[in-house]
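Examining the three-dimensional arrangement
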Amino acid sequence: MDLTDIPTTPQEREAVFAAVTGLGGRDLTLPAGVSLTPPLPVGEHWVTAPGASLDRGVLVYVHGGGFAHRMPDLMNLFAARLSQVTGRPVLVVHYPLAPESPFPAALEAVIASFSSLRQHVPPSRVIVYSESSGGSLALGAMLGLSASSRPAGLIAVSPVTDLSLQSPSIDTNAVTDAGVDRRMLSFLIGQYLQGAPADRAPQSPIFGDLTGLPPLLLAVGSAEALLDDTLRFAEAATAAGIKTQVDVYEGLPHAFTIASLDDDQSVFLTRLGTWIAGIQ
């Protein structure tokens, strides 16, 4: 495991907390030239920044939201940033949401997206970006795909990897995170699982056989309740022989990547782009 601590200044941490807590009042207008027209007959939701091309491959975006929520305008705006940084069109997966569609509906939808995409793009030209509950779904989906169908690499930011909530940081970091705590996680996971066991894969990917997973970039804030979900999964993946890079951002809370929307010099997006370039 290659673990890097990413330092932040007090001013940067203050800006991130402001971005996370002030999300409801921000402008979510897409930049000029961004296209929402699907470049392939796969899925309904695509975002392509100016200059991005299928020649470079595809990035699949599996969003967070506690298995129960999504903000399409915010997702599209962040997908535009990802498309700009990677030079790839972004397929945004709108999986069915809990509680109306509990486990395994969302997981099956994510797996189906990869299966459909494979008919048009070789898995070796596909990168996955996921966050929070979407990280759980993306990592769980890898366990349900054959080795030949898995993408070239997977990015998971603050993934929920253990739905049985055994990670110590859920309690120790509750006071430093931005509203994420055991009570919230228990509610969201309960309405998602609806009786399915929490301590088994693929719903909790940390309990699965991680052999053969693609290279991983895991990112998390050190102030997050889900810090140990990331670190424990990284240790398990490394033990299974998976090339794993972990970036821990000093003092940052859950959803810290929102601040990247306004930062053309974003350290997070720069490191993401460098990592992708290094595995392709």
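Scope of this entry: the structure provided in the associated data block.

Quick notes on the rules
- Residues numbered from 1 in each chain as written.
- Predicted model: local features only at pLDDT ≥ 70, side-chain atom pairs only at ≥ 80, totals over all residues.
- Heavy atoms only, no water.
- Helix = DSSP H or I, 4+ residues; strand = E, 2+ residues; numbered from the N terminus.
- Expected span 1.5 Å × (residues − 1).
- Buried < 20%, exposed > 50% of the residue type's maximum accessible area, 1.4 Å probe, protein only.
- Arc of directions from axis to C-beta.
- Contact = heavy atoms within 4.5 Å.
- Phe/Tyr/Trp six-rings, centres within 6.5 Å; stacked < 30°, edge-to-face > 60°.
- Axes fitted to C-alpha atoms, helices over the stretch in contact; angles between N-to-C directions.
- Parallel < 35°, antiparallel > 145°, perpendicular 65-115°, else oblique.
- Left-handed = near helix turned anticlockwise from the far one by under 90°.
- Nonpolar A, V, L, I, M, F, W, Y, C, P; charged D, E, K, R; others polar.
- Pairing = 2+ DSSP bridges.
- Right-handed = clockwise from strand over helix to strand, strands pointing away.

1. A word on helix α3 (residues 105–118)
- Between its first and last C-alpha, α3 extends 20 Å over 14 residues, near the 20 Å set by a 1.5 Å rise per residue.
- Of the residues making up α3, those classed as buried are A106, L107, V110, S113, F114 and L117. Along the long axis of α3, the arc covered by the buried residues comes to 120°, so they all point the same way.
- At its buried positions, α3 is contacted by β2 (46–47), β3 (58–62), β4 (90–93), β5 (126–131), α4 (133–143) and α6 (182–193).

2. Side note on the packing of aromatic side chains
- If you walk through the whole model with that rule in mind, you get 9 aromatic pairs.
- For the ring pair F78 and Y129, a centre distance of 5.6 Å and an interplane angle of 45° mean the geometry is tilted. Placement of F78 in helix α2 (residues 72–86) and of Y129 in strand β5 is noted, with a sequence separation of 51 residues between them.
- Their ring planes at 70° and their centres at 6.4 Å tell us that Y129 and F268 sit as a pair that is edge-to-face. Of this pair, Y129 sits in strand β5 while F268 sits in helix α8 (residues 267–279), and the two are 139 residues apart along the sequence. Across this residue pair, the class does not change: Y129 and F268 are buried.
- Through a chain of ring-to-ring contacts, three or more aromatic side chains come together here, namely Y61, F78, Y129, Y249, F256 and F268.

3. What about α8?
- Spanning 13 residues, α8 covers 19 Å between terminal C-alpha atoms, matching the ideal 18 Å at 1.5 Å per step.
- Regarding α8, the residues found buried are F268, L269, L272, W275 and I276. The buried side chains of α8 occupy one side of the element, clustering within an arc of 125° when seen end-on. The exposed set on the far side of α8, more than 90 degrees from its buried face, consists of T274, A277 and G278.
- The inward-facing, buried residues of α8 abut β3, α2, β5, β6 (153–157), β7 (216–221) and β8 (244–249).

4. Digging into the packing of α2 against α8
- At a minimum axis separation of 9 Å, α2 and α8 run at an interaxial angle of 50°. The angle between α2 and α8 falls in the class oblique. Of the two possible hands of crossing, α2 and α8 adopt the one that is right-handed. Along its contact with α2, which presents F78, R81, L82, V85 and T86, the element α8 presents F268, L269, L272, G273 and I276.
- Classifying every residue of the contact of α2 with α8 gives 7 nonpolar, 2 polar and 1 charged.

5. Quick word on the pairing of β6
- Among the 5 residues in β6, 5 count as buried, and that is most of the element.
- Inspection of the sheet shows β5 paired to β6 by 5 bridges, in the parallel sense. Looking at the pairing, I127 lines up with G153 of β6.
- As a crossover connection, the stretch from β5 through α4 into β6 is right-handed.

6. Considerations on the sheet that holds β5
- Pairing is mixed across the open sheet formed by 8 strands, whose spatial order is β1-β8-β7-β6-β5-β3-β4-β2. With partners counted over all chains shown, the strands left at the sheet margins are β1 (2–6) and β2, one partner each.
- As judged from the 4 bridges shared by β6 and β7, these two strands associate in the parallel manner. Note that in β7 the partner of I155 across the bridge is L217.
- In the packing of α3 onto the sheet, contacts are made with β2, β3, β4 and β5, and the angle to β3 comes to roughly 170°.

Remember that the coordinates give geometry; whether it matters functionally is a separate question.
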